[in-house]
Amino acid sequence: MKKWVYEFSEGNANMRELLGGKGANLAEMTNLGLPIPNGFTVTTEACTDYYIQGKQISQEIQDQIFAALAILEEQRGKKFGDESDPMLVSVRSGARASMPGMMDTILNLGLNDISVEGFAKKTGNPRFAYDSYRRFIQMFSDVVMEMSKTFFEGILDEIKAAKGAKYDTDLTAEDLKEVIAKYKAIYAEKMGAEFPQDPKVQLMEAVKAVFRSWDNPRAIVYRRMNDIPGDWGTAVNVQSMVFGNMGDTSGTGVAFTRNPSTGEKGIFGEYLINAQGEDVVAGIRTPQPISRLAADLPECYAQFMEIAECLENHYRDMQDMEFTIQEGNLFFLQTRNGKRTASAAIKIACDLVDEGKITPEEAVLRIEAKSLDQLLHPTFVAAALKSGEVIGEALPASPGAAAGKVYFSAEDAKAARVERGEAVILVRLETSPEDIEGMHAAEGILTVRGGMTSHAAVVARGMGTCCVSGCDEIAIDEEAKVFSLGGYIFHEGDEISLDGSTGKIYKGLIQTQEASVGGDFARIMAWADEFRRLQVRTNADTPSDTANAVRLGAEGIGLCRTEHMFFESDRIPKIRKMILSDTVEQRESALAELLPFQKADFKVMYTALNGRPMTVRYLDPPLHEFVPTDPEDIAVLASDMGMTAEQVQQKCDDLHEFNPMMGHRGCRLAVTYPEIAKMQTRAVMEAAIEVQEETGKAIVPEIMIPLVGERKELKFVKDIVVETAEQVKYEKRSDMEYHIGTMIEIPRAALLADEIAQEADFFSFGTNDLTQMTFGFSRDDSGKFLDSYYSAKIYESDPFSRLDRNGVGQLVKLATERGKAIRPNIKLGICGEHGGDPDSVEFCHKVGLNYVSCSPFRVPIARLAAAQAALRNPDSYK
């Protein structure tokens, strides 16, 4: 018979997958001989079985639960449900990964109308007994039956007001009986049944509630945010009660062995006398600092400090502990590796190395790579954030905090910033490349449309600018310069705040603080660089982005999007002339005007890189993105080209495509207009040769042809590039080496990678488009329906944020293997947004890529994730 239930004495810390984190730690503490109330754990496998059985707990599991309950009764010398001296239990969830707040605890389970009277007599403390019962009714109704706790809080507040009581502890036993009667009445009214009196029914309903909580919306979102698989399930911990609400020699508290905000060594926590666990976090009474316990209950304090030190030394990490004192006797209810800020995590890891408790390798593994975002971007001042009013929530597209005045166009945003020095929030229906200057001027960007890899999200991450995207609750009129959200109307100049790390939108200004990085950060990064095998490059198109990325440890540029260089005000008219030209000669003339700009940009980039490599992607987006839409711009262009405004408008209309992301773009532009590839090749080669001569740094240009799906297609463009490059080398009397490769972003290219490798010196996986084409999802629109897929458990995460290993990943793996089979030394990288996602970085390590490339501010995340991948998978890199 399968074992579904384990006593605490039967487990240990290595059984997290089966017992969950809390159950495994309770078992470990029991084995250490610490004062832990007896109990048992219902396994995560029982949770999985519950869902397999159609959300029913099998009879076999129920039998094992009651058998464990009988053993607990024997250990405690009490009977569950006894009318004169009942054994009471708590019920808590406990997944293998810590998920704070995913399900609230149920305390005092086992009380009913009769046993509460016996409990009062047995303890000689009627107030305590009835206080425990009213707490149980509220918790059971809230957590198990999903009644709103506001019903019960309202009743309690009414009675406290009527009795002149400031705190719950001021109510008498008779007052609490009145509270209980009203609690039961509201329960019967809302649930259509009396409050359950059978303790065994109470217990089984509570276990079911824990299992149900694994799939509530809050838990699903938390798992998606923290990359926790949905099939893990949660365990249930049933533990005999100890009571912190028995009087002035009792209490409850929460403490950390180090400060979770700063990482400073020393006990950090608080407690309440005559209270139960929820009182500490509810904020009704002000908890006391843990140091006060030394005066209130000195023996308990000394024992607590000894156990806290024991637990940190045992687990070799900062511990988050919950404890209860019952009539002068100390009990620990749980311990776990404490949640901490990124700065605290780094300090704690370094301090533990210095204290000889862990190795540098372990220190690197202790830090959550994603959390480094906290260190690299502005954040809200915690005290100021508490008073902030959330008016909406959307996708956390680019981390950081921003507060400023609302502007609706790039021009107005730029003017407000440059001319008046205002902090700006750019609010747009969606952004386009034309908005780049306004985006650069903004502290934060808010869009109605778009996903995690939309234009706004990608560009904002590259600039390190806070961005919240895809807020479809917004009603916006850009021409009237007004939008509404959360019951408020905002005009140009009104103030809002954005949290790009959570996706929350706030009314008014919330104070922000600049990010700060200390010396310990450099230590962790140095260790990470020592351990990792993957190189880390950046996606950058400007000298400032490049300088930022190099400062953050980038080893080169893996993706320079040349089209972004054309959108500045002195260049966009020239690219438009080229697009609307009728003849090769006209296009070549317009491109000749663009050449100096493109070359100058490349020279500045090569200089900033100081010898580091740069992969230059040739023009990729569909041409319609460059053409004017404003009548004034159309009139200026018409005048410049000797055409009528109507003729220009018609040409622009002719460029319209029904599906532009799969239309005339990428290498198809170079096939149709070879002169574009010629100009870009000349710009790259001349810039590289000149910078190499000026600086003495060796440069090997990497030219990347986008959107290839056929070997002959690549060869056609490659031949143009080679002819032009060789011509430039001849003119410059240079023997510079250069490499020509392609982006693998079409599934067909992955399938034919062996053929394409015959012409390519390198592959760079453009996983944004590869994901889009493999799934058939529009990356700008998928956010509108993916929530339904999460709820239906079809997908667990956004495939544009976390690489889909089963589908897209298999194409990457296949292309890697086939490319290496033809060209063993082919250089392989990834330049989609996945390059900064830790889970995706680990996949890239496993399949044998040479580098990942990501937004500048995600470079430290990728460096740390690459090191963690190497430490966790030492034999997988090829």
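Right above here is the structure, for reference.
Keep in mind it's a predicted model, so treat the numbers as computed, not measured.

**Re the overall build of the protein**
Part 1: When you go through the protein residue by residue, the secondary structure sums to 35 helices and 33 strands.
Part 2: Computed over its C-alpha atoms, the radius of gyration of the protein comes to 32 Å, within 12% of the 29 Å expected for a compact globule of 878 residues.
Part 3: Seen through its C-alpha atoms, the protein measures out along the principal axes to roughly 100 × 60 × 50 Å.
Part 4: Burial statistics for the protein: of 878 residues in total, 56% are counted as buried.
Part 5: Sequence separation of 24 or more characterises 69% of the internal contacts of the protein that already satisfy a separation of 6 or more.
Part 6: Accessible surface computed for the protein: about 35200 Å², of which carbon and sulfur atoms make up 49%.
Part 7: Looking at charge distribution, the protein has the averaged site of its 96 positive side-chain charges lying 3 Å from that of its 132 negative ones.

**What about the pattern of salt bridges?**
Part 1: Evaluated as defined, the whole model comprises 77 salt bridges.
Part 2: With a shortest N-O distance of 2.6 Å, Lys-599 and Glu-690 are connected by a salt bridge. Of this pair, Lys-599 sits in helix H23 (residues 584–609) while Glu-690 is found in helix H27 (residues 674–695), placing the two residues 91 residues apart along the sequence.
Part 3: The salt bridge involving Glu-833 is made with Arg-858; its shortest N-O contact spans 3.6 Å. With Glu-833 in the loop between strand S32 (827–830) and helix H34 (838–847) and Arg-858 in the loop between strand S33 (851–854) and helix H35 (859–872), this residue pair connects regions lying 25 residues apart in the sequence.

**A few points about helix H17 (residues 410–420)**
Part 1: Here H17 has its buried residues at Ala-410, Ala-413, Ala-415 and Ala-416.
Part 2: Buried residues along H17 sit in contact with strand S16 (401–407), strand S17 (424–428) and helix H18 (436–441).
Part 3: Backbone geometry just after H17 places Gly-421 at a positive phi near 70°.

**Side note on the sheet that holds strand S7 (residues 234–240)**
The strands making up a sheet associate through hydrogen bonds between their backbones, and the pairing can be parallel or antiparallel.
Part 1: Pairing is antiparallel across the open sheet formed by 5 strands, whose spatial order is S1-S2-S7-S5-S6. Every other strand in the sheet has two partners, leaving strand S1 (5–7) and strand S6 (106–109) as the edge strands with one partner each. Averaged over all pairs of adjacent strands, the angle between their axes in this sheet comes to 25°, without regard to strand direction.
Part 2: In the packing of helix H8 (residues 199–213) onto the sheet, the strands contacted are strand S2 (39–42), strand S5 (89–95), S6 and S7, and the crossing angle to S7 comes to about 145°.

**Observations regarding empty space enclosed by the protein**
Part 1: Under the defined criterion, the tally for this structure stands at 5 cavities of 30 Å³ or more.
Part 2: Taken as a whole, the largest cavity spans an internal volume of roughly 60 Å³.
Part 3: Around the largest cavity sit Tyr-618, Leu-619, Gly-666, Cys-667, Leu-669, Ala-670, Ile-676, Ala-677, Gln-680, Ile-705, Pro-706 and Val-717, which together line it.
Part 4: Of the residues contributing to the lining of the largest cavity, the split by class is 10 nonpolar, 2 polar and no charged.

**Remarks on the nonpolar core**
Part 1: Core analysis: the biggest nonpolar cluster contains 146 residues, and Ile-524, Phe-602, Tyr-606 and Ile-705 have the highest contact counts within it.
Part 2: For this core, the leading source of residues is H27, giving 10 residues.
Part 3: Not counting the four nearest positions on each side in its chain, Ile-524 is found in contact with Ile-346, Ala-349, Cys-350, Ala-363, Val-364, Ile-367 and Leu-864.
Part 4: Val-42, Ala-95, Ile-228 and Met-246 belong to the second-largest nonpolar core, a separate cluster that totals 69 residues.

**Some remarks on the sheet that holds strand S15 (residues 395–398)**
Part 1: Taken together, 8 strands build an open sheet; the order of strands is S14-S24-S23-S16-S17-S18-S19-S15 and the sheet is mixed. With one partner strand each, in any of the chains shown, strand S14 (389–393) and S15 form the two edges of the open sheet. Across the sheet, the axes of successive neighbouring strands diverge by a mean angle of 35°, strand direction being ignored.
Part 2: Inspection of the sheet shows S16 paired to strand S23 (residues 495–499) by 5 bridges, in the antiparallel sense.

**A word on the environment of Ala-475**
Part 1: Along the chain, Ala-475 falls in strand S20 (residues 475–477).
Part 2: For Ala-475, a relative accessible area of 44% corresponds to the partly exposed category.
Part 3: With 27 residues separating them in the primary sequence, Ala-475 and Val-448 have C-alpha atoms 8.2 Å apart.
Part 4: Those residues in contact with Ala-475, other than ones at most four positions away along the chain, are Val-482, Phe-483 and Ser-484.

**A word on the side chain of Asn-237**
Part 1: One can find Asn-237 in strand S7.
Part 2: A polar contact of 2.8 Å, which involves the side chain of Asn-237, links it to the side chain of Thr-41.
Part 3: In this structure, Asn-237 is in contact with Phe-8, Lys-22, Gly-23, Leu-26, Phe-40, Thr-41, Ser-90, Val-91, Arg-92, Ser-93 and Gly-94, ignoring residues within four places of it in sequence.

**Here we look at helix H28 (residues 711–732)**
Part 1: The terminal C-alpha atoms of H28, which comprises 22 residues, lie 31 Å apart, in line with the 32 Å expected from a rise of 1.5 Å per residue.
Part 2: The complete set of buried residues in H28 reads Glu-713, Leu-714, Val-717, Lys-718, Ile-720, Val-721, Thr-724, Ala-725, Val-728 and Lys-729. All buried residues of H28 project into a common sector of 165° when viewed along the axis, lining one side. Within H28, the exposed residues directed more than 90 degrees away from the buried face are Lys-712, Glu-723 and Tyr-730.
Part 3: The inward-facing, buried residues of H28 contact helix H26 (667–672), H27, strand S29 (702–705), strand S30 (739–744) and helix H30 (753–756).

**Focus on a negative patch on the surface**
Part 1: On the surface, a cluster of negative charge is made up of Glu-411, Asp-630, Glu-632 and Asp-633.
Part 2: Considering the arrangement of structural elements, one finds Glu-411 in helix H17.
Part 3: The class for Glu-411 is exposed, based on a relative accessible area of 58%.

**Topic: the pairing of strand S12 (residues 329–337)**
Part 1: With 8 bridges joining them, strand S11 (residues 319–326) and S12 adopt antiparallel strand pairing. Residue pairing for S12: Phe-323 is matched across the bridge by Phe-332.
Part 2: The antiparallel pairing of S11 with S12 creates a hairpin that spans 2 residues between the two strands, and Glu-327 there sits at a positive phi of about 50°.

**Some remarks on unusual backbone geometry**
Part 1: A positive phi angle, close to 60°, is found at Lys-481, a residue other than glycine.
Part 2: Residue Lys-481 is classed as partly exposed on the basis of its relative accessible area, which comes to 30%.
Part 3: Unusually for a residue other than glycine, Arg-733 sits at a positive phi of about 50°.
Part 4: For Arg-733, the position within the fold is in the loop between H28 and S30.

**Here we look at the packing of aromatic side chains**
The geometry of an aromatic ring pair comes down to the distance between the two centres and the angle between the two planes.
Part 1: Throughout the structure, instances matching the rule amount to 25 aromatic pairs.
Part 2: The interplanar angle of 75° and the centroid separation of 5.5 Å between the aromatic rings of Phe-775 and Tyr-795 together place this pair among those described as edge-to-face. Taken together, the residues Phe-775 in helix H31 (residues 767–775) and Tyr-795 in the loop between helix H32 (786–791) and helix H33 (808–822) connect sequence positions 20 residues apart.
Part 3: Every member of this aromatic cluster is reached through a ring pair, and the members are Phe-775, Phe-777, Phe-785, Tyr-789 and Tyr-795.
Part 4: The lysine or arginine in question, Lys-2, covers the ring of Trp-4, its NZ or CZ lying 5.3 Å from the ring centre.

**Examining the side chain of Thr-816**
Part 1: Examined against the element boundaries, Thr-816 turns out to sit in helix H33.
Part 2: What Thr-816 contacts, discounting residues up to four positions off in sequence, is Phe-765, Leu-828, Val-847 and Leu-849.

**Section: the packing of H27 against H28**
Think of two packed helices as two axes; the pair is described by the angle between the axes and how far apart they sit.
Part 1: Contact geometry of H27 with H28 gives a least axis separation of 9 Å together with a crossing angle of 35°. Our pair here, H27 against H28, has a crossing hand that is right-handed. Facing Pro-674, Ala-677, Lys-678, Thr-681, Arg-682, Met-685, Glu-686, Ile-689, Glu-690 and Glu-693 of H27, the residues of H28 in contact are Ile-720, Val-721, Thr-724, Ala-725, Gln-727, Val-728, Lys-729, Glu-731 and Lys-732.
Part 2: Looking at the contact of H27 with H28, its residues break down into 8 nonpolar, 3 polar and 8 charged.

**Remarks on the environment of Gly-451**
Part 1: Residue position: Gly-451 is located in the loop between strand S18 (444–447) and helix H19 (455–463).
Part 2: Those residues in contact with Gly-451, other than ones at most four positions away along the chain, are Leu-395, Ala-457, Ser-469, Arg-779 and Asp-780.

The rules behind these values
Residues numbered from 1 in each chain as written. Predicted model: local features only at pLDDT ≥ 70, side-chain atom pairs only at ≥ 80, totals over all residues. Heavy atoms only, no water. Helix = DSSP H or I, 4+ residues; strand = E, 2+ residues; numbered from the N terminus. Rg over C-alpha atoms; globule rule 2.2 N^0.38 Å. Buried < 20%, exposed > 50% of the residue type's maximum accessible area, 1.4 Å probe, protein only. Contact = heavy atoms within 4.5 Å. Areas by Shrake-Rupley, 256 points an atom, 1.4 Å probe, with all protein chains shown as cover. Lys, Arg positive; Asp, Glu negative; His and termini not counted. Charge placed at Lys NZ, Arg CZ, Asp CG, Glu CD. Salt bridge = Lys/Arg side-chain N within 4 Å of Asp/Glu carboxyl O. Pairing = 2+ DSSP bridges. Axes fitted to C-alpha atoms, helices over the stretch in contact; angles between N-to-C directions. 1 Å grid on protein atoms, 1.4 Å probe; cavity = no way out; pocket = protein on both sides within 12 Å on 5 of 7 lines; lining within 4 Å. Points joined across faces, edges and corners; volume = space filled by probe spheres on them. Nonpolar A, V, L, I, M, F, W, Y, C, P; charged D, E, K, R; others polar. Core = buried A, V, L, I, M, F, W, Y, C linked by side-chain atoms within 4.5 Å. Polar contact = N/O pair within 3.5 Å; in protein donor to acceptor, adjacent residues only side chain to side chain. Expected span 1.5 Å × (residues − 1). Arc of directions from axis to C-beta. Patch = residues over 30% accessible without salt bridge, like charges linked within 9 Å, V, L, I, M, F, W, Y side chains within 5 Å. Phe/Tyr/Trp six-rings, centres within 6.5 Å; stacked < 30°, edge-to-face > 60°. Lys NZ or Arg CZ within 6 Å of the ring centre and 35° of its normal. Left-handed = near helix turned anticlockwise from the far one by under 90°.

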